[in-house]
Amino acid sequence: MAQSETTTSVGEREHPDKSPETVERAKDPEESKPSTRAEISNLDIVRYYFDLAADHLGLADDIRVVFWTPYREVTVQIPVKLSDGKTHVFAGYRIQHNGARGPYKGGIRFHPEVDIDEVRALASLMTWKTAVVNLPYGGAKGGVNCPAQKLEPAELQRIARSFMDKIEKVLGPTRDIPAPDVNTNAQTMAWLMDEYGKLHGHTPAICTGKPIALEGSYGREAATGRGCVYMFREAAPHLGLSPADTTFAVQGYGNVGSWAARIMQQLGATMVAVSDANGAIRSDSGIDANALHEHIADGGLITEFEGAEPIDAEDLIAVPCDVFIPAALGGMIHEHNVDRMQCKMVVEGANSPTTPAADRILNEKGVYVIPDVMANAGGVVVSYFEWVQNLQHFRWDEREVNDKLGTIMRRAYREVSGRAKEERVTLREASYLVGIERVVDAARTRGYISD
Ligand code: NAD
């Protein structure tokens, strides 16, 4: 089936698969357990921060529309026969937000709550993020509204291949390069690359976050978590924190959360609480991040991890710690739970984890927030390295990758924190100022918009 350009307008929501099973699965409390999310959408969150910066920069209304609305939106139908013997129709989205600075870049998420507005929000966040860390990329995002955690690998593979077949025309190593996000991983990228290769020949640079055996980059899997830790290291001295005496809590123990935790632990910091979609645990004497990772990888439940006490997932946020690392979904720190937080620093591993109302309260409380748009950019930085290596058919060793990542993350922190000081704004506002300014400048210089 040919791809269709969507005609829905920003703000409209779609759930094309109305089969009762899928509707039930989408409603399944297991999927959105254990801690509640804010009612404000990711799109409203990103729009709020964009407007704040655009006001600050004095961006005229007509120009503002160019940089808020996406350049291209593709919605496709993905019919897949599942193990229940029925065909389920999922919706797949690829949204290319802005390509002024280079090819579109952004992850693909498999989650039952994916909708077009969420993908729009995440795509625009990628535009600002790639600009903040000064990569030659634009911003994009993709998603399929499937209940990934309940599907078999063979079913996930069919969804990934079918999605690629339908969006390949707008992708390419110089057009748009996907990567993993929630519930997708190196294996998903291998399937996407293979499917693209059937049509275009072997093209490793079509996506990043691939397995090492298939021209993935050393260091990519850990990159987002490692980038968060680089941010912590830059900020720690300002708050009088030394890594060995630092305690931290992690919300979401997937790729980003578990790598951030394992690398924080290498520095000597202690994880005192952690959650995932199945529950939460705490231990004041410390939870071994490596052992927990192995326990979960072996199929264990987080709440069954020995030596830690299971707690209500809603209470994770209230556990006293120096650093809180949200690494799950958007909108999980909101005005109804932010007052319970007792940390000195928030390093946003997840995208849009903090609502604007909660962000204001954190600022008033003096909590130092390192925003998603800079804090979790490590993944896209090493994705960029992977793409560069693929284009050159060359491979760097892990040390080189990590060193180069450190250089870029430290530079971004320096530039953004310098701007924050200069303009007397938060790191988040400063990140958006730096990112938007660079994108507007590129669009003007290439003549996409004129003065
Ligand atoms: P992942 O699927 O590997 O992990 C997500 C984790 O969150 C899982 O442990 C899951 O159990 C947990 N989770 C889900 N719902 C939860 C809930 N209600 N409460 C607590 N935990 C819950 O995904 P990931 O790649 O680690 O991505 C996590 C976040 O980081 C997302 O917001 C993503 O957009 C963002 N991010 C990821 C990357 C990357 O390179 N993977 C890069 C930048 C940003």
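1. A word on the overall build of the protein
A tally of helices and strands in the protein yields 15 helices and 13 strands. Its C-alpha atoms give the protein a radius of gyration of 21 Å, within 12% of the compact-globule value 22 Å for 451 residues. C-alpha atoms of the protein, sized along the principal axes, occupy 55 × 55 × 45 Å. Going through the 451 residues of the protein one by one, you find that 60% of them count as buried. Sequence separation of at least 24 residues holds for 71% of the intrachain contacts in the protein that already meet a minimum separation of 6. Working note: accessible area of the protein is about 17,800 Å², and carbon and sulfur atoms make up 48% of it. Charged side chains of the protein number 48 positive and 63 negative; the gap between the two group centres comes to 5 Å.

2. Considering the side chain of Arg 161
Along the chain, the position of Arg 161 falls in helix 6 (residues 153-167). On the basis of relative accessible area, Arg 161 is assigned to the buried category, the value being 17%. Excluding anything up to four places from it in sequence, Arg 161 contacts Trp 191, Asp 194, Glu 195 and Lys 198.

3. Some words on the confidence of the model for the protein
Residues at a pLDDT of 70 or more form 92% of the protein, whose mean pLDDT is 92. In this model, residues 1-34 is a region of pLDDT below 50 whose contacts with residues beyond four sequence positions or in other chains number 75 contacts.

4. Some words on the pattern of salt bridges
In the structure shown here, the tally under the stated rule is 24 salt bridges. For Asp 51, the salt bridge goes to Arg 47, with nearest N and O atoms at 3.0 Å. With Asp 51 and Arg 47 both in helix 3 (residues 42-57) and 4 residues apart, this pair spans about one turn of that helix. A salt bridge links Arg 64 to Asp 55, with the shortest nitrogen-to-oxygen separation between them at 2.8 Å. Exposure remark for Arg 64: the relative accessible area of 11% places this residue in the buried category. One salt-bridge network, held together by shared partners, links Arg 47, Asp 51, Asp 55 and Arg 64.

5. A word on the site of the ligand
Every one of the 26 residues lining the ligand counts as a neighbour, but Arg 109, Thr 224, Val 256, Ala 328 and Asn 351 are closest to it. Here Arg 220 contributes a side-chain N or O atom positioned 3.3 Å from an oxygen atom of the ligand. Contact distances for the ligand include 2.9 Å between an oxygen atom and a backbone N or O atom of Val 256. Taking 820 Å² as the accessible area of the ligand by itself, protein coverage stands at 91%. At the level of secondary structure, the elements contributing two or more residues to the shell around the ligand comprise helix 8 (220-235), helix 9 (255-266) and strand 8 (270-276).

Conventions adopted
Residues numbered from 1 in each chain as written. Predicted model: local features only at pLDDT ≥ 70, side-chain atom pairs only at ≥ 80, totals over all residues. Heavy atoms only, no water. Helix = DSSP H or I, 4+ residues; strand = E, 2+ residues; numbered from the N terminus. Rg over C-alpha atoms; globule rule 2.2 N^0.38 Å. Buried < 20%, exposed > 50% of the residue type's maximum accessible area, 1.4 Å probe, protein only. Contact = heavy atoms within 4.5 Å. Areas by Shrake-Rupley, 256 points an atom, 1.4 Å probe, with all protein chains shown as cover. Lys, Arg positive; Asp, Glu negative; His and termini not counted. Charge placed at Lys NZ, Arg CZ, Asp CG, Glu CD. pLDDT = per-residue confidence, 0-100. Salt bridge = Lys/Arg side-chain N within 4 Å of Asp/Glu carboxyl O. Near = heavy atom within 4 Å. Polar contact = N/O pair within 3.5 Å; in protein donor to acceptor, adjacent residues only side chain to side chain.

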